[in-house]
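Chain by chain, the residues:
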Amino acid sequence: MRYKLTIEYDGSAFVGWQVQNNGRSVQGVLEDAVESVCGVSARVHGAGRTDTGVHASGQVAHVDLASALPPSTLLRALNARLPEDVALHAVEEVEQDFHARFSASSRMYRYTIAHHRCALLRSTRWMLYGNVDHAAIAQAVRILNGAHDFTGFSKFSPELEHAWCYVFDARWESDGATSVFTIRANRFLHGMVRALVGGLVAVGRGKSSPADFEQILNARDRARTPMLAPPQGLVLTAVAYDAGERALVREQMRILGASADE
């Protein structure tokens, strides 16, 4: 049986989603819980590889198990064995052709900034003091919609065939005390959202302009990549599996001569 998992986690004490030799990973603790429940080891495949310190409220993964368990039973059993900083919200049976990563049509990330000192929410906010020009930031954000090569807003990843991403929606919202950057795209490159936030904050502080931001995007030059915003403000909030979105992205990538798959 193949099961789809919807997962929430506090990334503060993790080296990221993916199993690594240098510390505790979300994928690793999930696989440990599956082995504890089922008595066998099984790979848990995630929809997105969040980095060190990055959180998720709507990460999606799948796992194949030889024995069929009712989803409600598996949900309770896994939650009973997971650490307090990881929680399963849902377990569903899915078809064998479902893949958490490759079947996904879009991912949504939210980055939150606090413009005032706070204590309870400090692990999920970037504490950014001082005034910023929200109108200038919103102008820069509008540039992001559609298909773009995000080489200039990402870290180098040798396994990537190309750096094109299709952004369905990008928004900057602020009430003066808190600002939230939300972006939904078919995929995200390593460090991409944090680099975008770093670039947007530079615009907001008057260190660059929306035109400078657009030039970095168009230059596709990693030497000009802005600073990365700290990881704790970033949350993977949702993963979508929509045939219409996938068809749109495939057509856009065909026009660009790029692969639609990661």
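The paragraphs below set out a description of the structure included in this document. Since we're looking at a predicted model, the values are computed, not measured.

What counts as what
Residues numbered from 1 in each chain as written. Predicted model: local features only at pLDDT ≥ 70, side-chain atom pairs only at ≥ 80, totals over all residues. Heavy atoms only, no water. Helix = DSSP H or I, 4+ residues; strand = E, 2+ residues; numbered from the N terminus. Rg over C-alpha atoms; globule rule 2.2 N^0.38 Å. Contact = heavy atoms within 4.5 Å. Lys, Arg positive; Asp, Glu negative; His and termini not counted. Charge placed at Lys NZ, Arg CZ, Asp CG, Glu CD. Axes fitted to C-alpha atoms, helices over the stretch in contact; angles between N-to-C directions. Parallel < 35°, antiparallel > 145°, perpendicular 65-115°, else oblique. Left-handed = near helix turned anticlockwise from the far one by under 90°. Nonpolar A, V, L, I, M, F, W, Y, C, P; charged D, E, K, R; others polar. Phe/Tyr/Trp six-rings, centres within 6.5 Å; stacked < 30°, edge-to-face > 60°. Buried < 20%, exposed > 50% of the residue type's maximum accessible area, 1.4 Å probe, protein only. Pairing = 2+ DSSP bridges.

1. Looking at the overall build of the protein
Counting its regular elements, the protein contains six helices and ten strands. Taken over the C-alpha trace, the protein has a radius of gyration of 19 Å; the compact-globule value for 262 residues is 18 Å, and the two agree within 12%. With the C-alpha coordinates of the protein rotated into their principal frame, the extents come out at 55 × 50 × 30 Å. For the protein, contacts bridging at least 24 residues in sequence account for 71% of all contacts bridging at least 6. Each charge class in the protein can be summarised by its mean position, and for the 27 positive and 28 negative side chains these summaries are 4 Å apart.

2. Thoughts on the packing of helix α1 (residues 26–38) against helix α2 (residues 71–81)
The geometry of α1 relative to α2 is characterised by a closest axis approach of 9 Å and an angle of 120 degrees between their N-to-C directions. By the angle between their axes, α1 is oblique relative to α2. As α1 runs across α2, the sense of the crossing is right-handed. Of α2, the residues touching α1 (which contributes Ala-33, Val-34, Ser-36 and Val-37) are Leu-74, Ala-77, Leu-78 and Arg-81. Tallied by class, residues from the contact of α1 with α2 come to six nonpolar, one polar and one charged.

3. Examining the environment of Val-44
Here Val-44 shows up in strand β2 (residues 44–46). In sequence terms Val-44 and Leu-236 are 192 residues apart; their C-alpha atoms lie 17 Å from each other. Discounting chain neighbours no more than four positions away, the residues touching Val-44 are Leu-5, Trp-17, Gln-27, Leu-30, Glu-31, Val-34, Ala-61, His-62 and Val-63.

4. Quick look at the packing of aromatic side chains
Any aromatic ring pair is given by two values, namely how distant the centres are and how the planes are angled relative to each other. One pass over the full model with this rule turns up six aromatic pairs. Judged by centre distance (5.0 Å) and plane angle (80 degrees), the ring pair of Tyr-109 and Phe-188 falls under edge-to-face. Taken as a pair, Tyr-109 in strand β5 (residues 106–114) and Phe-188 in the loop between β9 (178–185) and α4 (192–204) lie far apart in primary sequence, 79 residues in all. Across the pair, exposure class does not vary: Tyr-109 and Phe-188 are buried alike. Centre to centre, the rings of Phe-153 and Phe-213 are 5.0 Å apart; their planes meet at 45 degrees, and the pair counts as tilted. Placement of Phe-153 in the loop between β7 (146–149) and β8 (164–174) and of Phe-213 in helix α5 (residues 210–219) is noted, with a sequence separation of 60 residues between them. For the pair Phe-153 and Phe-213, one class covers both residues: buried.

5. Observations regarding unusual backbone geometry
Its identity is not glycine, yet Arg-220 carries a phi of approximately 55 degrees, on the positive side. For Arg-220, the position within the fold is in the loop between α5 and β10 (234–240).

6. Observations concerning the pairing of strand β1 (residues 2–9)
When you tally the buried positions in β1, you get seven out of eight residues, the bulk of the element. Looking at chain direction, β1 and strand β3 (residues 55–64) are connected through seven bridges and run antiparallel. Bridge pairing in β3 links Arg-2 to Asp-64. In terms of strand pairing, β1 meets strand β4 (residues 86–94) through eight bridges, oriented antiparallel. Following the sheet pairing, Thr-6 is matched in β4 by Ala-90.

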